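Report on the structure
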Amino acid sequence: MVDQRCCKLMKAMIKKPEYWTMKMLAEQIGVSQRAVRYDLDRVDEYLKDLDISLIQRKKGKGVKLSLSAVERERLNRELERMERSTYIFTAEERIYVMVDAFCKTPGFITLDQVSESLQVSVSTVKNDLRFVRHVFQQENVEIKFLQRSGLMLVGSEQNIRSAYVRLIRELVAEMLKVEKGIFVEKNEIDRKILAEEILDEEVIYFLQMLIRSIEQNIGVTYTDLVHLEWISQVYVAYVRDQAGYMLRYEVTKKHQESLEYEAIEYAAKIFKERFGHQWTSNELNELVKVLLGASRSKVQVENGGNLIFHQLLARDLIESVNRDVQVEIANDQRLYKNLLKHVVPMVYRLRNQIAIDNPLLVQVKREYRSLYKIVEKACRAIEIEIDTSFPTEEIGYLVLHFGAALERIKKKKPEKKKVLVVCHTGMGTSELLSAQIQSNFWVEIVGVHSLASFRRHQPFVGIDYILSTIPLESESEIPIYVVPPILKDKEIQFLAERLLRIQDTRVEMASLIQTIEQSCAIQNKEKLEADLRQLLEVGFIQTLKKETGAMLKDIISLETVSLQVEVDNWEEAVRKGGKLLEDQGIVSPEYSDAMVETVKNIGPYIVMEKGIAMPHARPERGAKKIGVSIMTLKDPVPFGNEENDPVFLVICFASTDSKSHLRALSDLMILFEDPESIEKIHHAKKAEEVLAIIEEICERGE
Amino acid sequence: MLKIYTVCGNGIGSSIMAKMKIDEICEDYEIEADVESTDFNSAQGKSCDLIVTIKELADQFEGKRLAVIRSYTNKRKIKEDILEDLLEIAGK
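Parameters and conventions
- Residues numbered from 1 in each chain as written.
- Chains lettered and ligands numbered in written order.
- Predicted model: local features only at pLDDT ≥ 70, side-chain atom pairs only at ≥ 80, totals over all residues.
- Heavy atoms only, no water.
- Helix = DSSP H or I, 4+ residues; strand = E, 2+ residues; numbered from the N terminus.
- Buried < 20%, exposed > 50% of the residue type's maximum accessible area, 1.4 Å probe, protein only.
- Contact = heavy atoms within 4.5 Å.
- Areas by Shrake-Rupley, 256 points an atom, 1.4 Å probe, with all protein chains shown as cover.
- Axes fitted to C-alpha atoms, helices over the stretch in contact; angles between N-to-C directions.
- Parallel < 35°, antiparallel > 145°, perpendicular 65-115°, else oblique.
- Nonpolar A, V, L, I, M, F, W, Y, C, P; charged D, E, K, R; others polar.
- Salt bridge = Lys/Arg side-chain N within 4 Å of Asp/Glu carboxyl O.
- Buried area = accessible area lost by both parts, 1.4 Å probe.
- Polar contact = N/O pair within 3.5 Å; in protein donor to acceptor, adjacent residues only side chain to side chain.
- Pairing = 2+ DSSP bridges.

With that settled, the discussion passes to the overall build of chain A. A tally of regular secondary structure across chain A gives 28 helices and 13 strands. Sorting the 702 residues of chain A into buried and exposed places 48% on the buried side. Contacts in chain A between residues at least 24 apart in sequence constitute 69% of all its contacts with a sequence separation of at least 6. About 37000 Å² of surface is accessible on chain A, with carbon and sulfur atoms providing 50% of the total.

This part takes up the packing of helix H1 (residues 4-15) of chain A against helix H3 (residues 33-50) of chain A. For any two helices packed against each other, the geometry is given by the interaxial angle and the distance between the axes. Residue and element names in this part refer to chain A. It is at 10 Å that the axes of H1 and H3 come closest, and there the two elements cross at 80°. When the axes of H1 and H3 are compared, the pair comes out roughly perpendicular. Here Arg5, Cys6, Leu9, Met10 and Met13 of H1 lie close against H3, whose contacting residues are Ala35, Val36, Tyr38, Asp39, Leu40, Arg42, Val43, Tyr46 and Leu47. Looking at the contact of H1 with H3 residue by residue, the classes come out as 11 nonpolar, no polar and three charged.

With that settled, consider the pattern of salt bridges. Considering all chains together, one arrives at 40 salt bridges over all chains under this definition. Residue Arg369 of chain A pairs with Glu32 of chain B through a salt bridge whose shortest N-O separation is 2.6 Å. With Arg369 of chain A in helix H17 (residues 369-386) and Glu32 of chain B in the loop between helix H1 (14-28) and strand E2 (33-39), this residue pair bridges two chains. Classification of Arg369 of chain A by relative accessible area gives partly exposed; the value is 40%.

Another point: the interface of chain A and chain B. Taken together, the contact between chain A and chain B spans 26 residues of the former and 22 residues of the latter. Taken together, the two surfaces of chain A and chain B that pack against each other cover about 2000 Å², and 61% of this comes from carbon and sulfur. It is Ile602, Tyr605 and Met669 of chain A that lose the most area in chain A upon contact with chain B, and together they represent 30% of the buried surface on that side. In this assembly, chain A and chain B are joined by two salt bridges. Remark: the boundary between chain A and chain B carries four residue pairs in polar contact (both at pLDDT 80 or more). Per-element tally for the side of chain A that touches chain B: the top contributor is helix H26 (residues 662-672) of chain A, with six residues.

Moving on: the sheet that holds strand E3 (residues 50-54) of chain B. All names here are of chain B. Strand order in this open sheet of four strands is E2-E1-E3-E4, and the pairing throughout is parallel. Both edges of this open sheet fall to E2 and strand E4 (66-69), since each of them pairs with a single strand only. Each neighbouring strand pair of the sheet contributes to a mean axis angle of 25°, computed without reference to strand direction. Bridging between strand E1 (residues 2-8) and E2 involves seven bridges; their strand directions are parallel. Counterpart to Thr6 in the pairing with E2 is Ser37. In the packing of H1 onto the sheet, contacts are made with E1, E2, E3 and E4, and the angle to E2 comes to roughly 170°.

What follows is the structure in structure tokens.
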């Protein structure tokens, strides 16, 4: 007889009717090659019984299943039939089935019963039981063993139901194909098969229909998550009731006056007609709770004084968070509106201690770590007001709202800071300084003053910063920064901490083109792009995803690629590489000297990988633009780097600062890690081939 | 939060590449670190938890915690060279 594994094997071979090696099959099925050989023999026997062509074996090539169309269809049908009747659950799946069995079975359940229904040994069942215990223990339910009777769940009915809901929620999601993405993918379980095994499809679909009609009756739309919760709960109540277990506990709070209660009462009537199950008033109450605490995709108009309370709460939260984040979110109307929508059901949940699941919690805590702390602090502060405490799940949802607000701010362009420039004469140096500031930062220069006119015009108002090349005495509290007329990296860095760097506000070429396209028909997009680049002479953001700045392919051209160059030594190689940049006006002649100096001073560390050198120098040593040259050497030369010599590929680069070439560098890294592309460049005959490889590398970096 | 500097001669090429790789390694091991690249001269005056550089530059740092790398770009080699130090200073 063939088992699950053999079926998998046959399926794989039917799907791809070519030769498979043992290794390929072993990988596909996830077992050893030896097991594959053994399975193949069994498959052969099975095929023989069915009178279907056997597996073809060819030395050196592997095994192949080549069937006629008729045979294939027959085999597929057989496999399908078998799968249904003899599906063997994985260890993980057995836990689901066992939990389900505990919840469904009236009274005791014996090990033999479980062992038989799962087709595994009693000792395996005993072993699995440890995990099943764990599932129940999370809800304070124990499994008790009684001699001669068997196993039984001990715990409050409500807790047993919670454990059961927790288990089947993901299966219901699978069956209804909603919100599946929120559950972690598990390789070890096949949710589809489990759902079919455990759930009563008819009841589940009926419940889905019911919740939709409830929505219609009360005129709201709930989120899929609420559907899921509600359907799971009703289903569990139904199953437990069938098994003879009633929900017995004192209801502390009734919800009978609500619209929701009426709708559910009506739904209960329909359900009873169909399945003969009468919901108790306790159950009804539980189900109303789910809806009342639910978030709605469309908010209802709240009536009466409560609204003011909720509004205040939302305001409080926003203001409290606003104090701790570095940007202004208090005026974000969208945040307020969305938060208000969220707060209404949230307060309900908190007051009635209805737990809400937050599958995103771990992710939220990781991605928005500091924001989470801020929001948590804000929540703790208002806990007294609403006389309850916030579970982490609720905080997680709030963080999402605030996170969205922060993202919105990022997208908006901030206002330009107003800057006043002062120098001794108010000419020359201050002009120079103004120009540099304007090209580097997102500022508005509101005035240029000489020392004398500065004194005369004091005090200034509406100015954020004063930049001066000379020390100043000022009566106002406007911060004054004294800087040299020509800004160096150090000063730019210093100012960058106070002013917004302009490269953060550059346009994305794609969106610029898009804007143009809205009003005109573009005939030659590439040319337009190139012209725009030249005209505007500013950098464009290529991508917002990874490192910003120009891609490698944008700063290299046919002119800066030179192949099979003949050189006598490393210094000549570096200089020739530098010359390529020099000829394109990317660097001044001094730059090559600086590159050579680096190697002489600090050693041949610029040989980055086997055979690849990357000479470069500091921006202030003559870099005029950002650029890269690539040169392959006819005969490799040593650079004095024991590990990576000799060098056959020389990649010189120049950058005007320490940031704008980051993207290109990361592209280069991708290239270095790809020996195949390096090899292709090494043997390239034409510069075009090299550019094509670079182009492809850059795409990978996207 | 750890502060780590990667150091090369110019501070704009190799050390940035090494920085990118170390960022990746830190992420792999869930180590919170602020990794910055810098040139040799500026590195001297900086205070940090770890300096990562090549052997040619290493002897010139005194009294600083150092990790010497053989490559600025090869993640595997970098990992071999710094992981022990990294985990130790991260207290892992």
